[in-house]
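So you can see what is in the structure, the chains are spelled out below.
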Amino acid sequence: MTDAPLWIAGAGGVGREAYDTALAAGTPVAGFLDDRARGTTVRGLPVRAPEDLPPGARYLVGIADPAVRLRLAALLDAAGGTPAVLVHPRALIAPETELAPGCLVMGGAYVSSSVRLGAHGQVHYNATVGHDTVLGERVTVYPGGNVSGSVRLGDGSTVGSNAVVLQGLTVGAGAFVGAAAVVTRDVAPGAVVAGAPARPLVRRRAD
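Residues numbered from 1 in each chain as written. Predicted model: local features only at pLDDT ≥ 70, side-chain atom pairs only at ≥ 80, totals over all residues. Heavy atoms only, no water.

(A) How the structure looks around the pattern of salt bridges. Across all of its chains, the model carries four salt bridges by this definition. Among the ionic contacts, a cluster of salt bridges with common partners joins D35, R38 and E51. (Salt bridge = Lys/Arg side-chain N within 4 Å of Asp/Glu carboxyl O.)

(B) Layout of helix α1 (residues 13-25). In this model, α1 (13 residues) spans 18 Å end to end at C-alpha, consistent with the 18 Å of a helix rising 1.5 Å per residue. Positive phi appears at G26, one or two residues downstream of α1, with a value of about 75°. (Helix = DSSP H or I, 4+ residues; strand = E, 2+ residues; numbered from the N terminus. Expected span 1.5 Å × (residues − 1).)

(C) Spatial organisation of the pairing of strand β4 (residues 45-48). Where strand β2 (residues 29-33) and β4 come together, two bridges link them in parallel fashion. Following the sheet pairing, L33 is matched in β4 by R48. Linking strand β3 (residues 41-42) back to β4 in an antiparallel pair, the connection comprises two residues, with R43 at a positive phi of about 55°. (Pairing = 2+ DSSP bridges.)

(D) Representation of the sheet that holds β2 in the model. Taken together, the six strands give an open sheet; going across it, the order is β3-β4-β2-β1-β5-β6, and neighbouring strands pair in mixed fashion. The outermost strands of the open sheet, each flanked by one partner alone, are β3 and β6 (82-83). Packed on one face of the sheet, α1 meets β1 (6-9), β2, β3, β4 and β5 (58-61) and runs near 170° to β2. Contacting β1, β2, β5 and β6, helix α2 (residues 66-78) runs over the sheet at an angle of about 170° to β5. (Contact = heavy atoms within 4.5 Å. Axes fitted to C-alpha atoms, helices over the stretch in contact; angles between N-to-C directions.)

All quantities given are derived from atomic positions and should not be read as evidence of function.
Okay, structure coming up:
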């Protein structure tokens, strides 16, 4: 039985990559939900406002910003939508791994065994997540990110492109690990870290 068509919230870069994932997976897509592009077409599909999601429809939020994912998921849930899981056929998901509703796993990603991905999490193309790692809700692992085993990624945290988080560490809720950073110690909630080894960024005070 074919699943009901999917609506993708967000018609930007990640939304279109989610559409690519759906095409590869053979998942039919009805259209996009995006306030800025509503009334147009993207990739030949109609774009509606998010509040126009048909009641009971399946949706996936294809937006990288965790705060926007939180807002849109709440709106679409209230409209009667059901979050779907979308996995590219060229992604590898090992045994005893759980993907919560709303998760997106793109092509070339590897998610190891006994991993838990929280609701509306994203693992982008060619990223890896090691064994026994726990991703909170709305976590994003950007392309090429390497999260080692037994790591804890708090709700709304982000691991940048080609960044590495070493074994057993914790990245706090809302933290952002910059591109190509190497995380060798725990990252505090809300912190922004960069470099190798990764250190918190200090903003200069205005004169």
